[in-house]
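# Remarks on the overall topology
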Amino acid sequence: MPRPAVPALPPWLAHTLRTQRGPVPWSAVTRGALAAGPLLLAAVLAGRTSLGVVAAIAAMLTGFNDRPGSRRAAVKRLGVPALAGAAGLLVGTYAGQHTAPVLLTALLTVVALVAGGVSAIGPVASGAATQLLVAAAIGAGMPLPESGWQRALVFLAGAAWLLVLRIALPTSGALTGDFRFDGEREAVAGVYEAVADLLDAAGGARATARRVALTAALDHAQDALAGPRLRRHGGSAAERRLHTQYAAALPLAEAATALAWAGEEVSGRTGEALRRLAAAVRTGTPTGPLPAPGRSLPALRALDDALLHAADAFDRGEGADLHTRRRTAGDLFRTVFGGGGREYGLRVALCFGASAAVAQALHHAHWYGRHAHWYWLPATAVFLVKPDLGPLASRVLCRAAGTVLGALVFAVLAEVLPGTWGLVVLVAVCGALVPVSTRHFAAQTAVVTVLVLALVMVGGEPQASVSRIAETLLACAIVLIVGHLPMPGERGGGVRARLATAGSAAQAYLTHVLDEPRTSGGLRTPDGPRTSGRTSGRTSGRTSDGPRTADDPRTSGPRTSGGSPSPQLSAAVPAAPDGTAPGGAAPGGAASGTTAPGPAAFRSADLGSAVRAARWTLRREAYRTLAEARTAIAHAAAELPALARHTEGTDEVAALLERLVDTTTACAVHLDDTGRLTPRHIERLTALLEELTRMRERAGLGALQLPLPGGAVRVG
């Protein structure tokens, strides 16, 4: 007799129970143990306990942003929020000392409105806004003898101590050699492994998931390499090599995506070549012989050329562009004041302001008794309300459960620990547990609750477990009520804004691919049509691809139905002074592959490199914005039904955009090889664009006015 089907959990409950998996981050555990606890110990020994509490709080808040990655990325990810936190502590201290309760509440609400809008920019901005609001509440409510500027300086010192630990201490497995760039090396190596996984999955059911993992790996590597340089001159050769190795992975990722789109299975030997490249990135050793794939298809030929280019790039290490699009001040302004930023700002301002108002009323009504820490209420609301930190319902449930558990555990420990020194040890232990507890928000909340209550007792206040539970539950109720109130404008604006950004990026990418001039297929160098031979000991049974002629389809640019170069492309690519066409062809199109490369060949190579660089930048932007939209959609779908219904159907639009970007990538690879699109490419593009046109109103997308192939390129 078959078992009855188990009913699926609602999304909001499933998200609440979900736990992240992974190895223990021992490096982060070490930093956590050496951060808040030693700072507090030093202050107690110096007789300045209150300053030690502020420094420990700064180290704790900074530790929330201490995630895996490179040291250069950590400077921005930890440093910018720390500066915002110091500013918030300064403003909050003077506002709390010199303004009336009503004016203070209004001021905190305005600050929250701005901080909420800024949070829509990205993770670093969101972390900065969070620390700004939390520190402002602490500064306004925590009774400390120091002035505002002293608190701010100590806050910066506590955050800087953790940042120094992050930069100076080696990560796990990097105890020998130059470990300054171990985060960058691991990130770049992860890209090559992700490409290998995608090639292994090509033609199978897991190809889409592997492509998503490749996007995440590329995003992580881009972020790891894009931070500030740790030294002005030291390690520049290593940095250039890592940049080159990352850039060499982009054409490999492009070819692998095209193969996955076509559903073509690839030999396992090809994946092994990618894993050898990943090992070479980690160890700095030569790649050794790299097996070459077959060349029976355009995508396979692109993969073979990309492998050849990667092997050569590993030898040279001359440095390369990261292919990132810099966001202008206008872009940031539109993000903050656009639909997503406005909704985000209003939601944070209402919850933070309401929590501050209730806390002020209860505080001045002496409901707190001797426990003058009303700031707990608005500070708790900040961690609950921010949409980019997770679904509201999940965070409320986890926060409530974690606070109750942590407060009960601390109540027991407070009775058995030997005074101040025992509490200092408890702070150090909790600091070490924070990186491990991030696997589930309830566990993290429990650890942080114990840490905060220990800091309060070290500061001279009595044990406050009961009031901490009451204030957290009250904050949860306020956030749930205010978070579900009707808001001006259309709900789900944050999701739609990210989806619209992804749609614009996909449109720019597709337009560029269909319009870009192509000098010829394959990767070119200034020395000729294709690089002959294989570097780094790579063997494939061939020493040269041989000269290319006009009859070789891989040297044909986009053509019209008459077979001559497209007028649009002829105008974009200037002819040589001798009248020959770019690439060495005579004006009539006759082959000239036997002549030595002249100035036109160099211009052709430069143009081809610039075009591909622009294309890879647009492709990275399209996939990155889609990943961000997917994350926002997943968070919105896990809300309670009253909120989740406002973003219904957006996941279908995101899936369509992903298929469109995948198809665009396949078109780019095919055009590079043959200069023509097949009927399959045309039909797939047309179908996707028509379906997106029908669904764009649901997602808040504008009209996608895209030039369908047929004019600039010919259907082959």
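Rules of the game
- Sequence order as written defines the numbering, with residues in each chain counted from 1.
- Only residues with pLDDT of at least 70 are given local features in this predicted model, and only at 80 or more are side-chain atom pairs given and counted; all residues enter the totals for whole chains, interfaces and linings.
- Only hydrogens and water are set aside; all other atoms, that is, all heavy atoms of the structure, feed into the side-chain values.
- Strands are runs of DSSP state E lasting at least 2 residues, helices are runs of H or I lasting at least 4, and numbering of each runs from the N terminus.
- Only protein chains enter the accessibility calculation, which uses a 1.4 Å probe; a residue is then buried when its area is under 20% of its type maximum, exposed when over 50%, and partly exposed in between.
- Throughout, a contact is declared for two residues whenever any of their heavy atoms are within 4.5 Å.
- What makes a nonpolar core is a set of buried Ala, Val, Leu, Ile, Met, Phe, Trp, Tyr and Cys residues whose side-chain atoms join them at distances within 4.5 Å.
- By definition here, a salt bridge exists when the distance from a side-chain nitrogen of Lys or Arg to a carboxyl oxygen of Asp or Glu is within 4 Å.
- For every element, the axis is a line fit to its C-alpha atoms; helices are fit only across the contacting stretch, and the angle between N-to-C directions ranges from 0 to 180 degrees.
- An angle below 35 degrees is read as roughly parallel, one above 145 as roughly antiparallel, one from 65 to 115 as roughly perpendicular, and any other as oblique.
- Less than a right angle of anticlockwise turn of the near helix away from the far helix marks a crossing as left-handed, whereas a clockwise turn marks it as right-handed.
- Under the convention adopted here, Pro, Cys and the residues Ala, Val, Leu, Ile, Met, Phe, Trp and Tyr are nonpolar, Asp, Glu, Lys and Arg are charged, and Gly plus all remaining residues are polar.
- By definition, no residue in a patch forms a salt bridge, and every one has over 30% relative accessible area; like charges are joined within 9 Å, nonpolar side chains (Val, Leu, Ile, Met, Phe, Trp, Tyr) within 5 Å.
- The method behind every accessible area is Shrake-Rupley, applied with a 1.4 Å probe, and residues are considered shielded solely by the protein chains displayed.
- A helix's residues, less one, multiplied by 1.5 Å, set its expected span.
- When two rings of Phe, Tyr or Trp (its six-membered ring) have centres within 6.5 Å they constitute a pair, described as stacked for plane angles under 30 degrees, edge-to-face for angles over 60, and tilted for the intermediate range.
- Residue-level confidence of the predictor is what pLDDT reports, using numbers from 0 through 100.

Right, let's get into the overall build of the protein chain. The helix and strand inventory of the protein chain stands at 25 helices and zero strands. For the protein chain, the residues scored as buried account for 52% of the 716 residues in total. Considering only intrachain contacts with a sequence separation of at least 6, the fraction spanning at least 24 residues in the protein chain is 80%.

To continue, consider the nonpolar core. Judged by nonpolar contacts, the single largest core of 84 residues is most densely connected at Leu40 and Leu455. Look past the residues within four positions of Leu455 in its chain and what remains in contact with it is Leu40, Val53, Ala56, Ile57 and Val427. Residues Leu199, Ala278, Leu303 and Ala310 belong to the second largest nonpolar core, which totals 52 residues.

What follows concerns the environment of Ala502. For Ala502, the position within the fold is in helix α20 (residues 493–515). We classify Ala502 as buried; its relative accessible area is 0%. With 119 residues separating them along the chain, Ala502 and Glu621 place their C-alpha atoms 8.3 Å apart. Among residues more than four places away in sequence, those in contact with Ala502 are Thr625, Leu626 and Leu657.

The final tally for this structure, using the stated rule, is 26 salt bridges. Between Asp219 and Arg620 there is a salt bridge, with its nearest N and O atoms 2.8 Å apart. A residue pair is termed long-range when its members are at least 10 positions apart, and Asp219 in helix α9 (residues 207–225) and Arg620 in helix α22 (residues 599–637) qualify at 401 residues. The exposure class of Asp219 is buried, given its relative accessible area of 11%. The buried category is assigned to Arg620, whose relative accessible area is 2%. Here Glu254 makes a salt bridge to Arg615, at a shortest N to O gap of 2.9 Å. Of this pair, Glu254 sits in helix α10 (residues 236–262) while Arg615 sits in helix α22, placing them 361 residues apart in sequence. The exposure class assigned to Glu254 is buried, which follows from its relative accessible area of 4%.

Here the focus is the packing of helix α14 (residues 339–364) against helix α15 (residues 376–385). Taken N-terminus to C-terminus, the directions of α14 and α15 make an angle of 160°; their axes are 8 Å apart at the nearest point. Classified by the angle their axes make, α14 and α15 are roughly antiparallel. In this structure, the crossing between α14 and α15 has a hand that is right-handed. Packed against α14, whose contacting residues are Arg347, Val348, Cys351, Phe352, Ser355, Ala356, Val358 and Ala359, the element α15 presents Leu377, Pro378, Ala381, Val382 and Val385 at the interface. Here the residues of the contact of α14 with α15 are counted per class, giving eleven nonpolar, one polar and one charged.

Attention shifts here to a nonpolar patch on the surface. Nonpolar side chains collect at one region of the surface, where Leu83, Leu90, Tyr94, Trp149, Leu153 and Leu156 lie side by side and expose about 560 Å² of accessible area between them. At the level of secondary structure, the elements contributing two or more residues to the nonpolar patch comprise α4 (71–98) and α7 (148–168). Position of Tyr94 relative to the elements: it lies in helix α4. The partly exposed category is assigned to Tyr94, whose relative accessible area is 34%.

Bringing the packing of helix α16 (residues 392–416) against helix α19 (residues 465–483) into the picture now. For the pair α16 and α19, interaxial distance at closest approach is 9 Å and the crossing angle is 175°. Of the possible angle classes, the one that applies to α16 and α19 is roughly antiparallel. Each of Leu392, Val396, Arg399, Ala400, Thr403, Val404, Ala407, Phe410 and Ala411 in α16 lies in contact with α19, whose residues at this interface are Ser465, Arg468, Ile469, Thr472, Leu473, Cys476, Val479, Leu480 and Gly483. Partitioned by chemical class, the residues of the contact of α16 with α19 number twelve nonpolar, four polar and two charged.

What follows covers α19. An ideal rise of 1.5 Å per residue puts 27 Å on 19 residues; α19 measures up with 27 Å between its terminal C-alpha atoms. Of the residues making up α19, those classed as buried are Ser465, Ser467, Arg468, Ile469, Glu471, Thr472, Ala475, Cys476, Ile478, Val479, Val482 and Gly483.

We now examine α15. Within α15, ten of the ten residues are buried, which leaves it mostly tucked inside the rest of the structure. Buried positions along α15 lie against α3 (49–63), α6 (123–141), α14, α16, α18 (441–458) and α19.

Now for the packing of aromatic side chains. In this structure the tally under the stated criterion is four aromatic pairs. Considering the side-chain rings of Tyr192 and Phe314, the 5.7 Å spacing of their centres and the 85° angle between planes classify their relative orientation as edge-to-face. Highlighted residues: Tyr192 in helix α8 (residues 182–201) and Phe314 in helix α12 (residues 298–316), separated in sequence by 122 residues. Overall, the relative accessible area of 7% leaves Phe314 in the buried class. Both rings, one in Phe333 and one in Phe337, keep their centres 4.6 Å apart while their planes meet at 40°; by these two values the pair is tilted. In this pair, Phe333 and Phe337 both sit in helix α13 (residues 329–337), four residues apart, roughly one turn of the helix. The residues Phe333 and Phe337 share a single accessibility class, namely exposed.

We now examine the environment of Thr324. Among the secondary structure elements, Thr324 is positioned in the loop between α12 and α13. The sequence separation of Thr324 and Gln222 amounts to 102 residues, and the corresponding C-alpha distance is 7.7 Å. Setting aside anything within four residues of it in sequence, one finds Thr324 in contact with Gln222 and Thr617.

Of all residues in the protein chain, 79% attain a pLDDT of 70 or more, and the chain-wide mean is 80. Low pLDDT (under 50) marks residues 519–605, which in the prediction has 148 contacts with non-local residues, meaning those over four places away or in another chain. When the criterion is pLDDT under 50, residues 709–716 qualifies, and its contacts beyond four places in sequence or with other chains add up to 28 contacts.

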